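The chain contents come next:
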Amino acid sequence: MPTCQKCLANNESCSYDKAPSVAYAVSLQNQLQAYKDRIKELKRVKDEERDALLNEPICTISPNEGRSRAFRSTSDFPSPLRIDTASKRDTADAAEIASVGTDGRLCFYGKTSLYHIDPQNFDPNSPETNHDTSIENDNHGLAYMPSLYPQFCDTASILAETPSAILVDLLDTYWTYPHHLHCVLCKPLFLRDLYSSGPYVTPFLLCAVLAQAARYSTRSDAADIGRGFAAKALQLLPSDIEKGSSIPTIQALLVFSARECACGRVSQGWLYSGMAFRMMRDLGIDVSPKKLGHLLKQFSEEDLAVRQQVFWSCYTWDKTMSVCLGRAAVLHCSVELPTLNTLPFGREADDEMWPPTVINTSLADGLVKQKALSTARFIAYCELSIITESILDTLYSRPHSGQLHLLTYLDTTLQRLQSWADRLPPELFIKEATATIVAPPLHILLLNLTYHAATILLCRPYRTVQQNAKEKCTQATQMIDTLFVLHVKRFGFRYVTYLQTYTLFVACTINVLDFTENDGPTGDSKLAQEANARLHFGLEIFRQANSTPAAARCAATISQLFQRQKTSKQIEKSNPENLARVRSPMTDMADSSSAHDITIAPLMTNPPPTTPYQPHVTVPNLIPTNNATSIQDQNLTEPFDFSLPIETPLRWLPENVQDDGSWMLMADVNFNGDFDFSSIPEFS
């Protein structure tokens, strides 16, 4: 019987019943790739060079060589006739980011980690990498004691316990509404594995999906059903964490995070999303496939497509939380943008009809057939999220290095936004001239609302120094008003999502400024009337929409903003020289009375006549109670110019740790505050 050198040295008998590890397979793949590269080089070189090339040893790039290549110029590299630089550069990148675990599995630890083992030089027979892991396994086994974790639950048992009518209704609702917002799941793969116990469906994921779907369901008992599935999901979460990182757990955490934020449990939603992002990095999903080199063969085409979709779902949700919570982004663009060909079942998702089943939302749902365009919309949303991250990072998240740079940034970013809009088909981008009677699907409405909200976030700091920025803010606000009119016509006040509430709030801040700045003999009376009508409509949506608790607080905060703008204007009128000592009207808003102590009154006693931007819906007049403080002041006759030269940075911890929803409103920010351009002659 043949024996290996290791067994001879240890005086052991060879055993052949052990399957080769993944690391050993990786080493074989490395050797095979090296021979393939050498054969390609032999075919390219001339005859006189071939003999010399045959005498050169075939070797792989070491980690140190890969690192040194990163700091050398292209002129330092050997001729491409002799070395396939692209292939070896990918190999070097893979050695920097990938490792082999003690169990032989591919994992992603960096070079500074004590767990890092270079896949290129991994020796499966080394005693350092072949040690027994039974101790770790025994410790992990303790986690599954019945006293610590609930009784074992699988997907089949959840399906058996759930009435089929409820299951069908909730799944149909999920595929109609929340699914398209961030495309967390791949619908065909989820349905394929739902009843076959496949890898892409777990009990935790199923419960999270059903709990989120219940928020959009029209069933009378939807709230109770949603709470039940949410409680079940929380029971299953610890066991999923104990099993380690996986794509279904990431997807479940993203879905559950969205539900918690929409329900007002912001701290919990923030934490669940953070767990999802860390799991995503633990699996190396944030690593571009181009950097994996030969390790790319460890994943099937389906795996790569799902990994890309999961990364961009995490990325877009991170930007949603970043803009709504006023916190710096956690994830950055490190993977190629998805396309119709790279996303799983991308073209099929675009061709699917929306809604997939006729629902009793409006008459239009039964008469108008629309394509979902889920993939095309998701790709556009990913691109828009990249621009949004740039806006937040440049204008809000960090100190400003130079004012001239900021002026240039406004123009270049406006061009980026316009270029993004120009490349969209008319089915995705809604123009004022093409606003139709029937609203597009909810996810397409949200795409357009996010675009206009991003425009406001970009231009709002420049309002008092550039007329173009001020006009852009007003135009974006007008379009947000138009889009919400379409929403109300088709969906009523239902399905106002978490991000939609934020976009409307951003628009209302501009409406307040436009109204207070132009309500007077020297102001633009038409603009003031239009802003007043839009503000009425926005406040009514906040009052009527009960999809998220943040809506009611938005209405109260907008009322307070108007009150404080009025107070500042009165102080300016009575004593202009003390204006510099006046506090920002938004500075101490978080300390004022809570939302339920405020009743909103109409901004004008007599509503203005219909204007091109006034909503084509009937909004009832709201009568203030006797104890309420009206925000209407009939003596408010002079224009208001609130231009305190302060910046509008995002607020950092611990100021943002609040559970009452004030994080979403950035209530301590002066929405009309601008950058200090006094150092620039043009504006001084």
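Reading the values: rules and limits
- Residues numbered from 1 in each chain as written.
- Predicted model: local features only at pLDDT ≥ 70, side-chain atom pairs only at ≥ 80, totals over all residues.
- Heavy atoms only, no water.
- Salt bridge = Lys/Arg side-chain N within 4 Å of Asp/Glu carboxyl O.
- Helix = DSSP H or I, 4+ residues; strand = E, 2+ residues; numbered from the N terminus.
- Buried < 20%, exposed > 50% of the residue type's maximum accessible area, 1.4 Å probe, protein only.
- pLDDT = per-residue confidence, 0-100.
- Contact = heavy atoms within 4.5 Å.
- Core = buried A, V, L, I, M, F, W, Y, C linked by side-chain atoms within 4.5 Å.
- Axes fitted to C-alpha atoms, helices over the stretch in contact; angles between N-to-C directions.
- Parallel < 35°, antiparallel > 145°, perpendicular 65-115°, else oblique.
- Left-handed = near helix turned anticlockwise from the far one by under 90°.
- Nonpolar A, V, L, I, M, F, W, Y, C, P; charged D, E, K, R; others polar.
- Expected span 1.5 Å × (residues − 1).
- Polar contact = N/O pair within 3.5 Å; in protein donor to acceptor, adjacent residues only side chain to side chain.

(A) Local environment of the pattern of salt bridges. Counted according to the given criterion, the structure contains 17 salt bridges. We note a salt bridge from Glu260 to Arg265, for which the minimum N-O separation is 2.4 Å. Among the salt bridges present, the one from Asp351 reaches Lys371, with a minimum N-O distance of 3.7 Å. Residue Asp351 is located in helix H16 (residues 346-351), and its partner Lys371 is located in strand E4 (residues 370-371); the two are separated by 20 residues in the primary sequence. For Asp351, a relative accessible area of 46% puts it in the partly exposed group. Salt bridges sharing partners connect three or more residues here, namely Arg463, Lys470, Asp514, Glu517 and Arg534.

(B) Fine view of the confidence of the model for the protein chain. The predicted model of the protein chain averages 74 in pLDDT, with 64% of residues at 70 or higher. Below a pLDDT of 50 lies the segment residues 127-150, which in the model reaches 25 contacts outside its immediate sequence neighbourhood of four places, other chains included. With pLDDT under 50 throughout, residues 579-684 is counted as low confidence; its partners more than four residues away or in other chains account for 236 contacts.

(C) Representation of the nonpolar core. Formed by 145 residues in total, the largest nonpolar core has its most connected members in Phe190, Ile250, Ile391, Trp420, Leu458 and Phe542. Leave out the neighbours within four places in its chain, and Trp420 touches Ala380, Glu383, Leu384, Ile387, Phe429, Leu447 and Tyr451. In terms of nonpolar packing, the next biggest core, distinct from the first, is built from 7 residues, Phe108, Val287, Leu292 and Phe299 among them.

(D) A look at the packing of helix H21 (residues 467-491) against helix H22 (residues 498-518). For the pair H21 and H22, the least separation of the axes is 9 Å and the interaxial angle reads 130°. One element, H21, and the other, H22, form an angle in the oblique class. Where H21 crosses over H22, the handedness of that crossing is left-handed. Taken together, the residues of H22 that come into contact with H21 (itself represented by Lys470, Cys473, Thr474, Thr477, Ile480, Phe484 and His487) are Gln500, Thr503, Leu504, Ala507, Ile510, Asn511, Asp514 and Glu517. Considering only residue class, the contact of H21 with H22 consists of 6 nonpolar, 6 polar and 3 charged.

(E) Helix H20 (residues 442-459), seen in detail. The terminal C-alpha atoms of H20, which comprises 18 residues, lie 26 Å apart, in line with the 26 Å expected from a rise of 1.5 Å per residue. Across the 18 residues of H20, 18 count as buried, placing the element largely inside the fold.

(F) Quick peek at the environment of Leu42. Residue position: Leu42 is located in helix H2 (residues 22-44). In this structure the C-alpha to C-alpha distance between Leu42 and Leu54, which are 12 residues apart in sequence, comes to 8.0 Å. Sequence-distant contacts of Leu42, that is, excluding residues within four places in its chain, are made with Arg50, Leu53 and Leu54.

(G) Up close: the packing of helix H15 (residues 301-325) against helix H18 (residues 374-396). Running from amino to carboxyl end, H15 crosses H18 at an angle of 45°, the nearest separation of the two axes being 10 Å. For the element pair H15 / H18, the angle class is oblique. In this structure, H15 meets H18 at a crossing whose hand is left-handed. Note on element contacts: H18 touches H15 through Phe378, Tyr381, Cys382, Ser385, Ile386, Glu389 and Leu392, opposite Gln309, Trp312, Ser313, Tyr315, Thr316, Lys319, Thr320, Ser322 and Val323. Taken together, the residues of the contact of H15 with H18 sort by class into 8 nonpolar, 6 polar and 2 charged.

(H) Highlighting the side chain of Glu517. In this fold, Glu517 is placed in helix H22. Looking at Glu517, its side chain comes within polar contact range of the side chain of Arg463, at 2.9 Å.

(I) Up close: H18. Look at H18: 31 Å from first C-alpha to last across 23 residues, which is about the 33 Å you get at 1.5 Å a residue. Among the 23 residues in H18, 20 count as buried, and that is most of the element.

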